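A structural walkthrough
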Amino acid sequence: MHPLKQQFRPALVALLALTALTGLVYPLVVTGLAQALFPQQAGGSLIVEDGQVRGSALIGQAFANDPRWFWSRPSASAPFPDNAAASGGSNLGPTNPALVAAVQARIDALRAADPGNTAPVPVDLVTASASGLDPHLSPAAAAWQAARVARARGLAPQRVQALIARFTEDRSLGVLGEARVNVLQLNLALARERP
């Protein structure tokens with residue numbers, strides 16, 4: 001028998017065995033473990049209310065231009081904001097004139113939407129995240145919007161502040177990241193409020 005033929009059969013068997021192991025068995029085992037141990041996360045961290053999916057706790061939602069809602073961070077995804085199929089940042093550097101102009105335009109729009117608010121605008125309200133899909137705001141960014149939301153909804157400012165506090169998540173494991181507020185969860189709680 002030719003030496004090449006002698007090597008072909010074991011190589012083909014190894015290819016098929018490794019393909020089955022790494023392409024079928026491993027993904028099925030990992031998916032099964034994820035579904036068993038972390039069903040909420042493995043299912044996309046979906047937020048379900050009254051039997052309807054309202055969104056994911058991991059993907060930002062567009063609420064801009066409606067003063068009754070808390071607005072998320074700006075999104076750099078295309079062709080529309082918070083497009084999970086086109087995640088990505090703007091890749092503009094901090095000294096890029098286009099970024100400076102975009103940030104200034106966002107500041108101007110926020111000031112126009114709430115002219116009585118003279119507090120400094122938190123940076124996460126005017127800069128997009130690296131993914132363009134960040135579902136969280138800093139507590140400061142949520143607090144900056146609280147008066148506008150309370151006025152637009154006819155709610156007491158203290159009630160809106162209490163909702164922000166209720167939906168503020170601490171640092172992961174007590175040390176990783178920063179405190180944050182999930183905008184979708186906060187807005188869904190607002191939808192349940194009555195003025």
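As the structure is a prediction and not an experimental result, all values here were calculated from the model.

1. Structural notes on the overall build of the protein chain
The helix and strand inventory of the protein chain stands at six helices and five strands. Ordered by position in the sequence, the α and β elements of the protein chain form the string α-α-β-β-α-β-α-α-β-β-α. Its C-alpha atoms give the protein chain principal-axis dimensions of roughly 90 × 45 × 35 Å. Within the protein chain, the proportion of its 195 residues that are buried is 31%. The contacts of the protein chain with a sequence gap of at least 6 include a subset with a gap of at least 24, amounting to 57%. Taken as two groups, the 16 positive and 12 negative side-chain charges of the protein chain have centres that lie 6 Å from each other.

2. A few points about the side chain of serine 72
Inspection of the secondary structure assignment puts serine 72 in the loop between strand S2 (52-56) and helix H3 (97-113). In terms of polar contacts, serine 72 uses its side chain to reach the backbone carbonyl oxygen of glutamine 61, at 2.9 Å. Among all residues touching serine 72, those that are not within four sequence positions of it are Gln61, Phe63, Leu137 and Val183.

3. Some details on the environment of valine 100
Structurally, the position occupied by valine 100 is in helix H3. Separated by 27 residues in sequence, valine 100 and threonine 127 have C-alpha atoms that sit 9.9 Å apart.

4. Overview of the packing of aromatic side chains
Applying the stated criterion to the full structure yields zero aromatic pairs. Stacked on the ring of tryptophan 71, the Lys or Arg arginine 148 has its end atom at 3.8 Å from the ring centre. The ring of tryptophan 69 has arginine 153 lying over it, and the distance from NZ or CZ to the ring centre is 4.3 Å.

5. Considering helix H5 (residues 157-166)
Taken together, the buried positions of H5 are occupied by Val160, Leu163 and Ile164. Taken around the axis of H5, the buried residues stretch over an arc of 100°, which confines them to a single face. Residues of H5 that are exposed and point over 90 degrees away from its buried face: Gln158, Ala165 and Arg166. Close packing links the buried residues of H5 with helix H4 (139-153), strand S4 (168-169), strand S5 (180-182) and helix H6 (183-192).

What counts, and at which threshold
Residues numbered from 1 in each chain as written. Predicted model: local features only at pLDDT ≥ 70, side-chain atom pairs only at ≥ 80, totals over all residues. Heavy atoms only, no water. Helix = DSSP H or I, 4+ residues; strand = E, 2+ residues; numbered from the N terminus. Buried < 20%, exposed > 50% of the residue type's maximum accessible area, 1.4 Å probe, protein only. Contact = heavy atoms within 4.5 Å. Lys, Arg positive; Asp, Glu negative; His and termini not counted. Charge placed at Lys NZ, Arg CZ, Asp CG, Glu CD. Polar contact = N/O pair within 3.5 Å; in protein donor to acceptor, adjacent residues only side chain to side chain. Phe/Tyr/Trp six-rings, centres within 6.5 Å; stacked < 30°, edge-to-face > 60°. Lys NZ or Arg CZ within 6 Å of the ring centre and 35° of its normal. Arc of directions from axis to C-beta.

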